[in-house]
Amino acid sequence: LLLGVLPLTAACLGTVALFRHTAGGAHASSPWRCAIITTLIFPTLALLATYLAHFGYNFSIVLSVIAITLGLAAIIALAPVDNPAAPIISTVRRKRLKALSFIVLILITGIIVALGQTGWSQATAFRNGLSLSILWVSFILTKTGHRVFTYLDNVNFPLRR
């Protein structure tokens, strides 16, 4: 709200929440760390999406195509990524989560395409936000994404005295 990107931040959060539920990915070690990371990442994605909107419609199309392609590749190669605290043991559940990940990507792709057909002044920023959210999810599915979260888990935030 303070940065003027609350609706776009919410759209990014919603996109990632849908993907995280099906595709999995790296997790913070505690709710506090998760809250701090979320508070930093999602408004940043929204601000970046708003900034990138200045590059216009064609840039947004290219960003969307890259994000959707990388998202598809990440789902095919990696999803679902389990968590040591909640491993995915069942092969049936693993297949179902992968299929649901594809469905979520198709849904988000449909929203991105639909936004491109509107005359709404914020459509390009929202397309960019959804695309950046897909890129974020693709990143946290990778080993590098897990290493970043491991690093962040080892940072000592001054939460208590």
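Anyway, here's the lowdown on the structure attached to this text. Fair warning: this is a prediction, and the values are worked out from it, not measured in the lab.

## A closer look at the nonpolar core
In terms of nonpolar packing, the biggest core is built from 36 residues, with Leu8, Phe19, Ile108, Ile134 and Trp136 touching the most fellow members. For this core, the secondary structure elements donating two or more residues are α1 (6-23), α2 (31-52), α3 (57-77), α4 (91-116) and α5 (123-140). With nine residues, α5 is the largest single contributor of residues to this core. Those residues in contact with Trp136 that lie beyond four places of it in its chain are Val16, Ile41, Phe42, Leu45 and Phe149.

## Looking at unusual backbone geometry
Cis geometry is found at the peptide bond from Ala79 to Pro80, where omega equals -5 degrees. Note on placement: Pro80 falls in the loop between α3 and α4.

## Examining the pattern of salt bridges
Pairs can form between side chains of opposite charge once their charged atoms are near each other. Throughout the structure, instances matching the rule amount to one salt bridge. Of the charged contacts in the structure, one is a salt bridge between Asp82 and Arg94, with a shortest N-O distance of 3.6 Å. In this pair, Asp82 sits in the loop between α3 and α4 while Arg94 sits in helix α4, placing the two residues twelve residues apart along the sequence.

Cut-offs and rules
- Residues numbered from 1 in each chain as written.
- Predicted model: local features only at pLDDT ≥ 70, side-chain atom pairs only at ≥ 80, totals over all residues.
- Heavy atoms only, no water.
- Core = buried A, V, L, I, M, F, W, Y, C linked by side-chain atoms within 4.5 Å.
- Buried < 20%, exposed > 50% of the residue type's maximum accessible area, 1.4 Å probe, protein only.
- Helix = DSSP H or I, 4+ residues; strand = E, 2+ residues; numbered from the N terminus.
- Contact = heavy atoms within 4.5 Å.
- Salt bridge = Lys/Arg side-chain N within 4 Å of Asp/Glu carboxyl O.

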